[in-house]
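# Structural description and commentary
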Amino acid sequence: MLSLAPAAVIAAGVVAGFFIGVVAAIMGVAGGELLIPTIVLLFGTDIKIAGSLCLIVSLPTMLVAFARYSRDGSFIVLRRHARLGARLAVETDQTRIESSDERQADLTTPSPR
């Protein structure tokens, strides 16, 4: 944590927030990759708390986007292709389980010397 006066920390937080917002808007990302380190370094919070704060900050944006997409019917595509999405999810999960089993087997098998 930086050792600054409380007013300076608040001012630095506002300036950092502005620049993070600009960079995030230009890059088209939520800004968590910049927001979390800023919260940790500037305010000295735990990284888990910083990550939780980042999620809380982005929650209103996600809810508004979900409402807008729901209203204009954008999720109809997902409903039409629900079988495909479910199949991909199951197969991806199954592949992950199989590769995890293979890695576990590699760890338990003694290597030849």
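Keep in mind the model is a prediction, meaning the values are calculated, not measured. (Residues numbered from 1 in each chain as written. Predicted model: local features only at pLDDT ≥ 70, side-chain atom pairs only at ≥ 80, totals over all residues. Heavy atoms only, no water.)

We now examine helix α1 (residues 6-27). For α1, which comprises 22 residues, the first-to-last C-alpha distance of 31 Å matches the rise-based estimate of 32 Å (1.5 Å per residue) to within 8%. Listing the buried residues of α1 in full gives V9, G13, A16, I20 and A24. The buried side chains of α1 occupy one side of the element, clustering within an arc of 75° when seen end-on. Exposed residues on α1 whose side chains face more than 90 degrees from its buried face are A7, V14, F18, A25 and I26. (Helix = DSSP H or I, 4+ residues; strand = E, 2+ residues; numbered from the N terminus. Expected span 1.5 Å × (residues − 1). Buried < 20%, exposed > 50% of the residue type's maximum accessible area, 1.4 Å probe, protein only. Arc of directions from axis to C-beta.)

What follows is about the packing of α1 against helix α2 (residues 32-43). Remark: α1 packs on α2, axes separated minimally by 10 Å, with the N-to-C direction vectors making an angle of 170°. The angle between α1 and α2 falls in the class roughly antiparallel. Along its contact with α1, which presents V9, A12, G13, A16, I20 and V23, the element α2 presents L34, L35, T38, L42 and F43. When the residues that make up the contact of α1 with α2 are grouped by side-chain class, the tally is nine nonpolar, two polar and no charged. (Axes fitted to C-alpha atoms, helices over the stretch in contact; angles between N-to-C directions. Parallel < 35°, antiparallel > 145°, perpendicular 65-115°, else oblique. Contact = heavy atoms within 4.5 Å. Nonpolar A, V, L, I, M, F, W, Y, C, P; charged D, E, K, R; others polar.)

Before going further, it helps to examine a nonpolar patch on the surface. A cluster of nonpolar side chains, V15, F18, F19, V22, V23, I26, M27, V29 and L34, forms an exposed patch at the surface whose accessible area comes to about 820 Å². Counting through the fold element by element, M27 comes out in helix α1. (Patch = residues over 30% accessible without salt bridge, like charges linked within 9 Å, V, L, I, M, F, W, Y side chains within 5 Å. Areas by Shrake-Rupley, 256 points an atom, 1.4 Å probe, with all protein chains shown as cover. Salt bridge = Lys/Arg side-chain N within 4 Å of Asp/Glu carboxyl O.)

Here the focus is the packing of α2 against helix α3 (residues 47-71). As a packed pair, α2 and α3 sit with axes 9 Å apart at the nearest point and diverge in direction by 135°. Put simply, α2 runs oblique to α3. Between α2 and α3 lies a crossing of right-handed hand. Residues G32, L35, I36, I39 and V40 of α2 form the contact with α3, whose participating residues are I47, A50, G51, L53 and C54. Along the lines of polarity and charge, the residues of the contact of α2 with α3 split into eight nonpolar, two polar and no charged. (Left-handed = near helix turned anticlockwise from the far one by under 90°.)

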